[in-house]
Each structure stands twice: as structure tokens, then as C-alpha cells.
Amino acid sequence: MKIAVLIKQVPDTAEERILDPGSGRVDRGASDPVIDEITERALELALAVKDQDKSTEVVVVSMGPADTAKSIRKALSMGADSGIHVLDDLLAGADLVLTARMLAAALRETGADLVIAGNESTDGRAGMLPAMVAEHLSLPMLGSLVSAEIGSGSVSGRRQNESGTQEVVATYPAIITVTERFPEARFPNFKGILGAKRKPVETLSATELGGETRAASTVLEVSKRPARTAGAKITDDGNAAAELVDFLASRRLI
Amino acid sequence: MFELTEDQKAIVEMVADFAAENIAPYAAAWDRDHHFPVDVLAQAGELGMGGIYVREDFGGSGMSRLDAALIFEELSKADPTIAAYISIHNMVAWMIDRFGNDEQRAAWVPQLCTMEMLGSYCLTEPGVGSDAAALSTRAVLDGDSYVLNGTKQFISGAGTSGVYLVMARTADTGSAGITAFLVPDGTEGLSFGALEAKMGWNAQPTRQVVMENVRIPVGNRLGEEGTGFGIAMKGLNGGRVNIGACSVGGGQSALDKSVAYLKEREAFGKPLIGQQALLFAIADMETELEIARTMIWRAADALERGTADTVRLCAMAKLVATDAGFNAANTALQLHGGYGYLSEYGIEKIVRDLRVHQILEGSNEIMRLVIGRLAVEK
Ligand SMILES: Cc1cc2nc3c(=O)[nH]c(=O)nc-3n(C[C@H](O)[C@H](O)[C@@H](O)COP(=O)(O)OP(=O)(O)OC[C@H]3O[C@@H](n4cnc5c(N)ncnc54)[C@H](O)[C@@H]3O)c2cc1C
Ligand SMILES: Cc1cc2nc3c(=O)[nH]c(=O)nc-3n(C[C@H](O)[C@H](O)[C@H](O)COP(=O)(O)OP(=O)(O)OC[C@H]3O[C@@H](n4cnc5c(N)ncnc54)[C@H](O)[C@@H]3O)c2cc1C
């Protein structure tokens, strides 16, 4: 079986993340790039399948600027077999529609039985991309799973929200997206790290993938979140507890 | 040499992530409860930390001495005690890999590399520490086995380890009469003293190893008779670089905590970092640690290439780095004021842990002895 994992490189959430007010894009120099945590879990799911069945082939696919190579390499050091990097200056500032089309074109080349993506990411996120990719590739999509069973001919999983749970199943080829409920990713071991550079990474440009390379939408304006205003201070003159209860009750917090 | 490769950066990043997630959050509790986290050591082993510079054919990671130093510095930022134990374990794994025959390597090295089995290095005795060549534990050949009698003192990991690498006397010819043996846990006649109560290194056990008519097959002799002292010293060359790297890591972590604290803590109307006397203390810590790190890298490189001045450089690196690490931790405690003395801030533990690095694997006086003699012999 061949599994493609869509990994996304994002700014580290542990550091301050900045949007460039001029371009409306993420200032990628402002913080260290890392693999989005949920996509690391997506990769872990694929690698767990490979642990059980060594013949499983795992390819990671990512679109992003040149330093995305670092995340691809980390994924290879964790155990993925190969990588595809969609890299093109023309794609800077790509929107959802364009990103989805490019990734779909790259995925088509892999001939994967199963595509695993995250349900959303920690940077500019809409949580739409995998569904758009599924549409391009005419694949069934099982989105936002909390658990998954990857069989030899089909994938099943559970989806959960406030109103209930759904058991879903799709035959291959299919695409699934996982949530943060999936197990954390493994650490790469030393052998994996040292072997990563011998694994193949294919770089594909927008032209090679074909079609329109311009984003259809433009970010008109970004504005800073207003600074937090100081909260109300309660001085205890004997009624503090009651005031606190009123405050919480008025906001429906209790 | 002073620019790390992409691979080395990736290795440091992984070890830092591992240590931040699986070691640092628990270090204080392990110290308090005297808990030796063998499960976490096995996780480290899975990642390749049990035989960092052991050859790959029996499960080693086949990496360089510099890689090892980088790894120990990183581990030690999270917990010097755990880092130092892993360093001793690596010394044992390497000695078996380097001086063992293929049968011995096949029998011991794989489990040591995964850290499913731990190893202890047994040189010191109650009556002899620095003057190790005077050790008195005896090994007598009896048919196709050796019978060992004697007591080893201060043995790290004793009681938990699966294999004890014991230096014992097979002839009364000083250092030339010492032979190295592999004593498996569970051998009849092998027992352990009580846990030593100590100032630091509480998350790893230190005990006596007592041998009363311990009978082991001749096949458990590492190398030829009379080569044990050389084997022990060669192991220690690497041990010294690694323990030095552990000191740099602990010192660096104390320094980083101090910088953050001085920026935040206010006195006399401004943050403490505004006091130039304290800024200079930071500058000295930073400089001494960088000197130590540079020396560690240089010694690691000499060890890797087997240059003629390896012994001298390893001794210098150990001396400089264990002093720099302890001094940085002790200064950090002072810079934290009363809070530095409280366990909660994590500084006093670093001071307690790093103190012993100046004593063991050859005390810093013995390092001066080695360096001085070589300087005079030239
Ligand atoms: C401030 C800001 C504003 C934006 N505004 C818009 C806008 O108004 N309209 C618009 O169309 N776009 C916008 N974008 C861009 C958009 O967020 C990204 O182009 C798109 O990749 C994210 O898709 P998503 O949110 O559906 O997927 P996400 O929620 O980001 O990710 C879901 C999953 O899709 C996969 N994935 C997503 N991106 C990649 C990738 N590059 N490579 C590999 N796998 C990937 C991963 O598996 C991920 O877990 C904006 C970006 C920023 C930073
Ligand atoms: C926590 C801990 C863990 C240890 N783990 C191990 C282990 O795993 N395996 C092992 O084999 N050993 C281990 N040791 C032992 C350690 O290596 C010895 O304690 C060390 O070598 C010093 O020996 P000693 O304690 O007998 O001191 P001594 O040799 O008695 O020395 C006492 C003092 O005199 C100084 N001194 C001695 N000779 C000279 C000289 N010629 N010139 C100048 N000064 C001199 C020493 O530097 C020291 O300051 C451990 C020790 C401790 C505390």
C-alpha cells in the first residue's frame, strides 16, 4: 500500500507569530519553521501502518518555500520513504484554491491508495484544503476523524462532535483527515536522521504541475488584534465572593 | 570543525526535543524520590543513545565522539544526572564493542545499545580511587573459569545493571597485572551494598559491588590478561569528554535561567540585569562555558582521529569543562538570591549534580597530574 501524507510547514506556535502588514502574509523569518503538529500526527498514523507492514510506502507531500525542505527531511528521518516538494516563487502567497490544485496535481502523480492530512493547521487555516483536494481527485473523504482503522482495502474511522459520533468507511483510493486526538508523533532516531539525506525528494514547480499559477484572491488588509484591556479588579470588602459569582454568572460561565 | 553539519543540527534538535519532553519535566521529582527512570533510558536507547559511538553491526549508532559530546550537552540541560549515567553506560558499551571479540560483542552489545540492559563500570575500590593501578580485587584462573573476589566502591548503576565491567588483578605487577572482566547480573556470589546517600546524582543509584567467589567463564574476559588497565583508561578518555559535556550542558542551563531571571527580577528600581556587576558575572559564565565547549570539541576530535595528544586533550577538556560547569551553576545560584537556594527554581540541583563531575572519572587533581607529567616529559 502507498500512503501520501500532506505535511504543512508552519511557524512554531511556541514563539511569537507575526503577519507582515504590507503583504498580509506570514512573516516566515520571525519564528522557526516546524512541521504542523497535526500533520505530524498524520505522519505518525502512516508510519504506524508501516511498522506493521514493512511493504507500506509512505510519501510526504508539501507545498511551501525553500526551507520547507527542512520539514520534509525531518519527516524522512522519522521514517517516510520519500518526499515531494512543491516549490515555486510563483506560488508565494498562494490561496486555498491554488494550493489545493497544486497539491492535488502532485498527489495525482504519486498514485497513492490513501492520502492523510490534518483537519486544520496552526497558521493561516480554513480547514478546507483536504476537501478541495478530494474534490480535484474525485476521492471519498473522511474528515476530522478521532480514530482510524487502516485496512488493506478500505479505511474506517470515527468522527465525533457535540451531537454524536459517526462511524465512516471508504474504499481506496481515499483521503482522510485526522485531528489532534491521534497519537503524538515519534522522535526520529539517530539512524533515521543520518539516513534521511539518502532518501529521494522530488521538487515540482508550478509549471510542471500545470495550470494557473496566480492566486484568485488577494488579502486586502490585515489588522492587529486589539490590545487586551485591563480586566475588572474586585477588592475584597467582604462581598468579593458574591461579586465573583455574579460576574461569572453574567457571562454564563457558571 | 566549529560549524555543525546539518545532520548534527538535526541530532541536537531531536535530543533537545526528547529531553524537554521526557526528562526535564520529571527531573526534580526523580531527584527528590531517588528514582532511577530505566523506562526513559530505554526510550533513549530506542533513539540510538545507548551506543552512540559503537559500531553499527551489533546495533550501535556508529556516530562520532563530537556527536556524542553534543548529545550529552543537550541531555544534561534537562538533567545532568541522567545525562551522566547515559555517558557511563556508553563508555561500557564502547569498551565491549572496541575490545571484545565478536562473540562477546554479539552477546552484550545489542541490548546495551537499546538500553534494555544497562552497564556499570567497576574500577574504584573502597581503598583505592585515584591510584586505580593499586586495585586489589582478585581474579584467579581455575580451569575454564575465573573466580573473582573483592569489593568495588561508588559504582554507578549498581543493582540495576545487567552487566558489570570489572577491573581485577590477575598478577602482582601493578597496572600491568590488571584484567577486565564481564560479570553478568545474577551470577552467584555477586551482591550489592546499600544505596549511598549523596549530595546529588540522586536519580541514579550508587552502590558497592561485592564479589565473593564469583565464578565466570574464561570467555567473559575482555581482552588478554594484563590489558585491563589500558582498556579502563581508554574508556575513561571518552568518559572524560562526555562528563565534561554534561557539565557544560548543566552550566548552560543554569546560565540561561539566570539571564531570564535577572531580566525579570527588579531591585533598586530596575531589573537586576541593569547592574553591571551582574552583567559581568553573566559574561564570565558565558565565556568560561564557551571555552569549555571549544576544548570538549577539540578533545572529541582528537579522540575520533586517535591523535597522539588524545590523553592530554581529554584531561584538559575534563578539567576545564567540569570546573566551568560547576562555577556557572554556583554563580547562577548566587544570582538568584534566596530563590536560588530553594529547590523549586532548579538551580541548587544543578549545583549538587555538577559538583561530583570535578571528583569522578579522574578527579581534577588527577587531571592536573596527567597534564603536568606530560608537559614535563616533553
Ligand atoms: C493571514 C492569512 C490569511 C489568509 N487568507 C486566505 C483567504 O482569505 N483565502 C484563501 O483562500 N486563503 C487564505 N490564506 C491561505 C491559506 O490559509 C492557505 O493557502 C492554505 O494552504 C490553507 O488551507 P486550509 O486552511 O484549508 O488547510 P489547513 O487548515 O491549513 O490545513 C489542513 C491540512 O491540509 C494540508 N495542507 C495545508 N496546506 C498545505 C501545504 N502547503 N502543503 C501540504 N499540505 C498542506 C495539511 O495536511 C493540513 O493539516 C491565508 C493565509 C494567511 C496566513
Ligand atoms: C557519585 C559517584 C559515582 C561514581 N561512579 C563510579 C563508577 O561508576 N565507577 C567507578 O569505578 N568509580 C566511580 N566513582 C568513584 C570516583 O571515580 C572516585 O571517587 C574518584 O576517582 C576519586 O577517588 P577517591 O574517592 O578514592 O579519592 P582519593 O583517591 O582518596 O582522593 C582524595 C583526594 O585527594 C586527591 N588526590 C589523590 N591523589 C592525588 C595526587 N597524587 N595528587 C594530588 N591530589 C591527589 C584527589 O583528587 C581527591 O581530592 C564514583 C564516585 C562518586 C562520588
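That block above? That's the structure.
Below, the structure is looked at part by part. (Residues numbered from 1 in each chain as written. Chains lettered and ligands numbered in written order. Predicted model: local features only at pLDDT ≥ 70, side-chain atom pairs only at ≥ 80, totals over all residues. Heavy atoms only, no water.)

1. Describing the overall build of chain A
If you tally the helices and strands in chain A, you get seven helices and 11 strands. Its C-alpha atoms put chain A at 70 × 45 × 40 Å along the principal axes. Here chain A holds 254 residues, and the buried ones make up 42% of them. Carbon and sulfur atoms make up 50% of the accessible area of chain A, which totals about 14,300 Å². Chain A carries 29 positive and 36 negative side-chain charges, and their two centres are separated by 3 Å. (Helix = DSSP H or I, 4+ residues; strand = E, 2+ residues; numbered from the N terminus. Buried < 20%, exposed > 50% of the residue type's maximum accessible area, 1.4 Å probe, protein only. Areas by Shrake-Rupley, 256 points an atom, 1.4 Å probe, with all protein chains shown as cover. Lys, Arg positive; Asp, Glu negative; His and termini not counted. Charge placed at Lys NZ, Arg CZ, Asp CG, Glu CD.)

2. Side note on the pattern of salt bridges
Residues and elements named next belong to chain B. Applying the stated criterion across every chain yields a total of 30 salt bridges over all chains. Across the salt bridge formed by Arg305 and Asp301, the nearest N and O atoms sit 2.9 Å from each other. One end of the pair is Arg305 and the other is Asp301, both in helix 8 (residues 276-305) and four residues apart, which spans about a single turn. For Arg305, a relative accessible area of 56% translates into the label exposed. Owing to a relative accessible area of 26%, Asp301 belongs among the partly exposed residues under this scheme. Shared partners join several salt bridges into a network, and the residues in it are Arg55, Asp57, Asp97, Asp102 and Arg105. (Salt bridge = Lys/Arg side-chain N within 4 Å of Asp/Glu carboxyl O.)

3. Topic: the site of ligand 2
Residue and element names in this part refer to chain B. In the vicinity of ligand 2 there are 18 residues, among which Thr124, Ser130, Phe154, Ser363 and Glu365 approach most closely. In this structure, Leu123 approaches ligand 2 through a main-chain N or O atom, which is 2.9 Å from an oxygen atom. Contact distances for ligand 2 include 2.7 Å between a nitrogen atom and a backbone N or O atom of Phe154. For ligand 2, the protein covers 65% of the area, taking 970 Å² as the surface of the free molecule. The set of elements that each furnish at least two residues to the shell around ligand 2 consists of strand 3 (145-156) and helix 12 (364-377). Its residues assigned to classes, the shell around ligand 2 comprises 10 nonpolar, six polar and two charged. Counting residues domain by domain, the shell around ligand 2 receives three or more from each of domain 2 (120-226) and domain 3 (229-377). (Near = heavy atom within 4 Å. Polar contact = N/O pair within 3.5 Å; in protein donor to acceptor, adjacent residues only side chain to side chain. Nonpolar A, V, L, I, M, F, W, Y, C, P; charged D, E, K, R; others polar. Domains from an automatic or database assignment.)

4. Here we look at the interface of chain A and chain B
Taken together, the contact pairs 12 residues of chain A with 22 residues of chain B. Together chain A and chain B conceal approximately 1,300 Å² of surface at their shared face, both sides included; 63% is due to carbon and sulfur atoms. Run the count over chain A and chain B and you get three salt bridges. At the boundary of chain A with chain B, the tally comes to four residue pairs in polar contact (both at pLDDT 80 or more). (Contact = heavy atoms within 4.5 Å. Buried area = accessible area lost by both parts, 1.4 Å probe.)

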